[in-house]
Amino acid sequence: MKKYIITLYLLIGSVTCLISQIKTSYRAEVFGSAASGENTPFWMMYHNWGMVPLTANNFYARAGVFHDQKINKDWSFSAGLDVAGSSPHSYGNVWIQQLYGELNWKALRLNIGAKEDYFSMLDRYLSSGDFTNSNNARPLPEIKLSLTKFVLVPYTKGNMYIKGDFSIGKYLDGQYLEDIAKPYFQDYVKGILAHHKSIYFRFGNIEKKNKLQFTFGLDHQAQWGGYIYCYTGDGHYDVQKQPNGLTDLLRVMIAKEGASGSSGADQAYVSGSQVGAYLFKFDYRLKNNNIISLYLNHFFDDGSGMTFENYRDGLYGIEYMTQQKSLISGIVAEFIYTKQQTGAIHFNLQMDDAHRDLESKGNGNDNYYNNCDYVQGPSYFGRTKGTPLLLSPEYNDYGQINFNSSRIKAFHLGLEGYFCQNLQYRLLATKGQTWGRYYRPYISVREGIASNLDLIYNCRKIKDLDLKLSVGFNKGDFFEKNTFGGGITITKRGILFEKD
């Protein structure tokens with residue numbers, strides 16, 4: 001009997017602990033904007049998980065409920081539901097922006113569903129955007145296992161840390177792609193599966209003992225499976241079903257050629273459409289504990305890019321961040337260059353028989369963000385999953401769902417700070433040039449400037465109420481169309497239930 005009483009006390013204690021560590025919160029937000037042109041100003045659309053529609057004079061409203069529950073010092077779980085609606089959008093008028101559940105053990109997290117989970121090492125608000133892993137598109141539904149923070153590697157004397165994630169997901173935009181492409185007899189894909197993994201190593205720790213730390217990382221994204229619809233003329237499409245079994249996933253994970261039954265391109269090259277990026281980042285802690293960083297985000301979409309044959313291409317950045325709220329609390333300056341792409345020529349099909357063996361060794365024309373099978377590239381509902389400076393397919397006309405502008409040169413500046421404790425500003429400005437693609441260059445170089453200023457006020461009288469005023473403009477054909485506009489965002493957060 002005593003054993004049962006002890007067991008009962010333990011169960012009651014566990015339940016009490018479970019119940020006593022609860023927080024259920026909400027977030028509600030409304031946004032509205034107006035512009036002089038056909039499109040929303042460029043930087044007003046990005047860094048917000050695809051919420052703002054492209055078409056000018058728009059609005060959205062969203063509301064979410066989020067539950068966090070701590071079981072003990074190591075275990076916790078959470079869940080969230082976030083529903084949105086807007087003026088005409090790629091997603092429709094009403095959609096589920098986030099729906100997820102996750103289980104946490106120390107720094108390890110298992111996530112199931114669609115969640116706005118930013119994993120890049122670049123600043124989520126001030127950077128122009130990571131090549132592979134930005135916050136510009138709506139989140140994919142996925143199963144993801146991740147180390148959410150840098151964890152010390154044993155036996156490295158506090159000098160080496162590791163972070164990473166692994167996920168499998170699915171694209172839900174097949175019908176959207178068909179509706180865009182089919183009326184113009186363009187190719188498209190439906191039912192695509194997604195694979196993502198990343199790993200980052202950090203040497204040193206400026207938060208504890210070092211003044212300098214270095215981070216090296218690799219991010220890999222792949223699209224695979226699904227049905228490829230290839231237009232053959234006379235209103236007819238050939239349909240290629242791509243294999244999607246476990247062995248096919250393994251082929252995708254290690255970038256191996258496709259199995260029999262997959263498309264010709266998959267069998268000749270690698271399974272699916274694969275892109276990735278290296279990150280090299282140095283962080284230095286100054287005497288006042290502010291941090292200055294230098295970084296390179298190097299993009300690749302084939303073996304030549306992985307071995308730096310496109311060595312000129314990349315995002316080169318410098319960042320300065322303060323530890324206190326000040327007039328200038330953050331600065332990011334970046335140079336983005338993607339013109340090289342390992343050169344203009346891919347294969348020399350006119351080789352004579354004596355040199356035919358060299359044909360397979362050809363390189364060049366990497367054609368970033370474009371793939372012959374998965375024609376929409378790394379986009380979701382027409383919006384890029386990487387840098388927005390390679391303009392998203394939703395800007396295109398005539399049913400094209402690929403990236404038309406992949407060879408660019410741009411300078412970008414991000415600046416933020418506080419005028420006072422409750423009033424924050426954020427400024428983004430970008431000047432760019434684009435040459436189109438090697439296959440389809442523009443007749444003349446397209447140039448342009450885009451800028452956006454946010455003023456964010458945290459109300460003192462109403463707790464957790466934020467008001468944001470945005471003013472943005474585009475000028476020049478780099479960003480497709482000239483426009484000037486403004487928007488207002490009202491965000492309210494709060495606690496529905498909390499028990500410690």
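Residues numbered from 1 in each chain as written. Predicted model: local features only at pLDDT ≥ 70, side-chain atom pairs only at ≥ 80, totals over all residues. Heavy atoms only, no water.

Chemist: Would you explain the overall build of the chain in this entry?
Modeler: Along the backbone of the chain there are six helices and 23 strands. Over its C-alpha atoms the chain spans a radius of gyration of 24 Å, differing by no more than 12% from the 23 Å that the globule rule assigns to 500 residues. The burial tally for the chain puts 51% of its 500 residues in the buried class. Taking all contacts inside the chain whose residues are at least 6 apart in sequence as the whole, residues at least 24 apart take part in 62%. (Helix = DSSP H or I, 4+ residues; strand = E, 2+ residues; numbered from the N terminus. Rg over C-alpha atoms; globule rule 2.2 N^0.38 Å. Buried < 20%, exposed > 50% of the residue type's maximum accessible area, 1.4 Å probe, protein only. Contact = heavy atoms within 4.5 Å.)

Chemist: It is not clear to me how the side chain of N205 should be interpreted in this structure. Could you clarify?
Modeler: Within the fold, N205 resides in the loop between β9 (193-203) and β10 (212-224). Classification of N205 by relative accessible area gives buried; the value is 11%. With near-sequence residues (within four places) excluded, N205 lies in contact with Y161, N210 and Q213.

Chemist: Looking at this structure, I do not really get the pattern of salt bridges. What am I missing?
Modeler: Two side chains of opposite charge can pair, provided their charged atoms sit close to one another. Summed over all chains, the structure comprises 16 salt bridges. We note a salt bridge from D82 to R62, for which the minimum N-O separation is 2.3 Å. Taken together, the positions of D82 in strand β3 (residues 75-86) and R62 in strand β2 (residues 59-70) put the pair 20 residues apart, joining distant regions of the chain. D82 gets classed as buried once you look at its relative accessible area, which sits at 2%. Judged by its relative accessible area of 7%, R62 falls in the buried class. Look at the salt bridges and you will find they share partners, linking R62, D82 and E116 into a network. (Salt bridge = Lys/Arg side-chain N within 4 Å of Asp/Glu carboxyl O.)

Chemist: Could you clarify how one ought to interpret helix α4 (residues 246-253) in this entry?
Modeler: An α-helical turn contains 3.6 residues, so a residue and the one three or four places further along point in the same direction. Within α4, the full set of buried residues consists of D248, L249 and V252. Buried residues along α4 cover an arc of 105° about the axis, so they all sit on one side. In α4, the exposed positions angled more than 90 degrees off the buried face are occupied by L246 and T247. For α4, the secondary structure elements touched by its buried residues are β7 (160-170), β9, β10 and β13 (273-285). (Arc of directions from axis to C-beta.)

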